[in-house]
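Coordinate inspection notes
Each chain, written out:
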Amino acid sequence: MRANRFQPSPALRRPVWLHPTVFRIESLSALVVAMALIPEALSFSIIVGVDPRVGLFTAAIMAMTIAFTGGRPAMISAATGSVSLVLAPLMASHGLQYLIAAVFLGGAMQILLAVLGVARLMRFLPRSVMVGFCNALGILIFVHQFPYLTNVPWAVYALLAVGLALLVWIPKLTTAVPAPLLVIVGLTAFTVLAGVAVPTVGDQGELPDGLPTLIGLPDVPLTVDTLKIIAPFALAMAVVGLLESLMSAKLVDAVTDTHSDKTRESWGQGVANIVTGLFGGMGGCALIGQTIINVKTGGARTRLSTFLSGAFLLILVVGLGDVVGTIPMAALVAVMVLVAATTFDWHSVRTLRRMPLSETMVMLSTVAGTLATDNLAIGVGVGVLVAMVLFARRVAHMVDVHGELDGDVKTYRVSGQLFFASSNDLVFSFDYADDPARVVIDLSGATIWDASTVAALDGITTKYASRGTDVTVEGLNPVSEERYRRLTGRLGD
């Protein structure tokens, strides 16, 4: 009993990320992520049409901020292609200050959406949409490496092959240091010492020579006209960013077998975008490729890796820009190709024949929508829409109407879920001309879900009334009865 007096209280215990082993894993993984962020940030800057330093600073600030505000530990947020595509037209038409204003407004909208409970909608995403999301993501990551593999010296392909082989082989020997870090360092040293001329990080754009500075609010007129200009882009950015971030968080939950706070992640993304805007950034959201590197390849699990990925990015591009500029793009492409391969759900391909056709259609529509638009958020939206249509169509055929004649009373027993899709043909299930003077519609095996069903029932009773038939609707469960009593006879006014 006495020994317990010297045990530290929970408040005084050392955080898990300060444990030497955890700190090493988090730090090394963050270093690899930082290196992988550089070409992505540079390419997204080109998409938007801003100075390369804007993309790099956005990635660093976004990662460091979300480490504190986000709800999914170890997930990486930075400048992303989806947000870049949304904001690029605004940059082209009105310039950087309006873009920054849209980032501010988009961040505020994300906070508002979080307060309204948008994160709770994630539970309505079918598994087939998640599978399609993963598969589309793997394909996109792979396809985005093509520009670095076209019109390049043959040595690039040799380096890529060696890099991929090492990425597969090294983990079998040791996991003390992440294989991507060893591959990047090894291939960089080889190309520098051997004088191999291949495209490098330095060829992708100018690296900054100073830290980001706080610029404050954007220099735009605070008028309704300005709001009309930036609001559509801000809303699109908020929705796309939240959808991609929440989908990524759900994917990381599955990879790490842990649960994350989706509501906190939602408002955390908004705060991170606002902070990014204060430094003149272009906004972003969760970056799933680098997140997979962090949690799956690097084994990181805490917020420390997220923060250090942003901090290391600043150190690399500002303090070690000359060294970073010598990293061959082939090394980073090899890492991203491996990420694409591990992100793709190969099991879904092997089980394709055994899956129901509707599930396969949802998965393929998600992939097709994403690849057609180069936007994960749109792809997910297409997948959800297809899933809803197929579900409604399937449920609509699960309504059964069975008539029983007992003397001078005809009882119709209706079973199933009654809503707009299934109740449209309900009116044709009754024998109006030959039924007796009294009809009972028994709904004890059914549930009324909407006004369309009540309108259909009103149509049935009206048809019977025109023939002098007495109709009784009975057997309603409490939910159905409340809805029926409230709406019946009022929908034709």
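Above this note sits the structure.
Quantities reported herein were computed from a predicted structural model and do not represent experimental measurements.

Spatial ordering of the open sheet is given by β3-β4-β5-β6, a layout of 4 strands whose pairing is mixed. In this open sheet, the two strands that pair with only one neighbour each are β3 (400–406) and β6 (470–474). Averaged over all pairs of adjacent strands, the angle between their axes in this sheet comes to 20 degrees, without regard to strand direction. With 9 bridges joining them, strand β4 (residues 409–418) and strand β5 (residues 438–448) adopt parallel strand pairing.

Attention now moves to the packing of aromatic side chains. In this structure the tally under the stated criterion is 8 aromatic pairs. Considering the side-chain rings of F68 and F307, the 5.7 Å spacing of their centres and the 75 degrees angle between planes classify their relative orientation as edge-to-face. With a gap of 239 residues between them, F68 in helix α2 (residues 52–69) and F307 in helix α11 (residues 303–319) connect regions that are remote in the sequence. Between the aromatic rings of Y432 and Y464, the centroid separation amounts to 4.7 Å while the plane-to-plane angle is 50 degrees, which identifies the pairing as tilted. Placement of the pair is Y432 in the loop between β4 and β5 and Y464 in helix α17 (residues 451–466), with a sequence separation of 32 residues. For the pair Y432 and Y464, one class covers both residues: buried. Through a chain of ring-to-ring contacts, three or more aromatic side chains come together here, namely Y412, F430, Y432 and Y464. Cation over ring: K463 sits above Y432, and NZ or CZ is 5.6 Å from the ring centre.

Once that is clear, we can look at the pairing of β4. Most of β4 sits out of view: 7 of its 10 residues are buried. Where β3 lies against β4, 7 bridges are found, and the strand directions are antiparallel. Note that in β4 the partner of D406 across the bridge is V409. Connecting the antiparallel pair β3 and β4 is a turn made up of 2 residues, with G407 showing a positive phi of about 70 degrees.

What counts as what
Residues numbered from 1 in each chain as written. Predicted model: local features only at pLDDT ≥ 70, side-chain atom pairs only at ≥ 80, totals over all residues. Heavy atoms only, no water. Pairing = 2+ DSSP bridges. Helix = DSSP H or I, 4+ residues; strand = E, 2+ residues; numbered from the N terminus. Axes fitted to C-alpha atoms, helices over the stretch in contact; angles between N-to-C directions. Phe/Tyr/Trp six-rings, centres within 6.5 Å; stacked < 30°, edge-to-face > 60°. Buried < 20%, exposed > 50% of the residue type's maximum accessible area, 1.4 Å probe, protein only. Lys NZ or Arg CZ within 6 Å of the ring centre and 35° of its normal.

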